[in-house]
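Listed here are the chains, written in short residue letters.
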Amino acid sequence: MATWITIQTSDLYDYLCSTQLNALKTLAISDQSNPIDEIIDDITARIRAEISGNRNNLLSADRTKIPQDLKSFACYLILESAQTRLPGLKLTADQVRLATDAKDYLKRIAQGEVPVSVPDDALAASDFSANVGCQVVHRRLRHVSEKSLGGF
């Protein structure tokens, strides 16, 4: 079991250069609403969707939490999204590369190539629909032949 975390705006400051930090601070004191909290929610939901893409993974009952080890990936994806909405916030080449790496890593999680820590407050697979699968209970035998496929 592991403690999952909720990403806060303050977490982004570990991944920003000073120019980017100033752009965020300027936004915070202007009339424009701060889109960062909404972007954090969106990226958190995306990460949770990727995690639930593999039926062997469990999610935290708290919809705002992601695994601690995905914090840096979340921050890079949040910055990537934020830069399109915040004038003056330009990502460095390294930040762009790291955001791309984060997307690739999330795909690997969804495909079951990378394990995810089990949260302390894990939901059972039956508690959320993303892990509900289908099972064939009964099927009719069909024999395929030239005659049965004659109309195709």
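First, a word on scope: everything that follows refers to the structure included in this document. (Residues numbered from 1 in each chain as written. Predicted model: local features only at pLDDT ≥ 70, side-chain atom pairs only at ≥ 80, totals over all residues. Heavy atoms only, no water.)

1. Section: the environment of Tyr 76
Filter applied, for reference: Strands are runs of DSSP state E lasting at least two residues, helices are runs of H or I lasting at least four, and both sets are numbered from the N terminus onward. Exposure classes here rest on a 1.4 Å probe applied to the protein chains alone. A residue is buried below 20% of its type maximum, exposed above 50%, and partly exposed in between. Residue contacts are defined here by distance: any two heavy atoms, one from each residue, within 4.5 Å place the two residues in contact.
Examined against the element boundaries, Tyr 76 turns out to sit in helix 3 (residues 71-83). Taking the relative accessible area as the measure of exposure, Tyr 76 reaches 15% and is therefore buried. Between the alpha carbons of Tyr 76 and Gln 95 there is a distance of 6.7 Å; along the sequence they are 19 residues apart. Leave out the neighbours within four places in its chain, and Tyr 76 touches Tyr 15, Leu 98 and Ala 99.

2. Let's talk about the nonpolar core
Convention followed: We call a set of buried residues a nonpolar core when its members are Ala, Val, Leu, Ile, Met, Phe, Trp, Tyr or Cys and they connect through side-chain atoms within 4.5 Å of each other.
With 33 residues, the main nonpolar core has Ile 47, Ile 51 and Leu 70 as its most contacted residues. Only strand 1 (4-6), helix 2 (36-52), helix 3 and helix 4 (93-110) provide two or more residues apiece to this core. Take this core: its biggest share by element is eight residues, from helix 3. Those residues within four positions of Ile 51 in sequence are excluded, and the remaining contacts are Trp 4, Asn 57, Leu 58, Leu 59, Pro 67, Leu 70, Ile 109 and Val 116.

3. A closer look at the pattern of salt bridges
What counts, and what does not: Whenever Lys or Arg places a side-chain nitrogen within 4 Å of a carboxyl oxygen from Asp or Glu, that contact is recorded as a salt bridge.
Inspection of the entire model under this criterion finds five salt bridges. Here Lys 103 and Glu 80 are joined by a salt bridge, their closest N and O atoms 3.0 Å apart. You can see Lys 103 sitting in helix 4 and its partner Glu 80 sitting in helix 3, a full 23 residues away along the chain. For Arg 97, the salt bridge is made with Asp 101, and the minimal N-O distance between the two is 3.5 Å. Here Asp 101 and Arg 97 lie together in helix 4, a separation of four residues that amounts to about one turn. For Asp 101, a relative accessible area of 34% gives the class partly exposed. Members of the salt-bridge network, linked through shared partners, are Asp 94, Arg 97 and Asp 101.

4. Things to note about the environment of Tyr 105
With respect to the helices and strands, Tyr 105 occurs in helix 4. The partly exposed category is assigned to Tyr 105, whose relative accessible area is 22%. Measuring from C-alpha to C-alpha, the distance between Tyr 105 and Glu 50 comes to 9.8 Å, with 55 residues separating the pair along the chain.

Without other data, these values stay purely geometric and don't point to any function.
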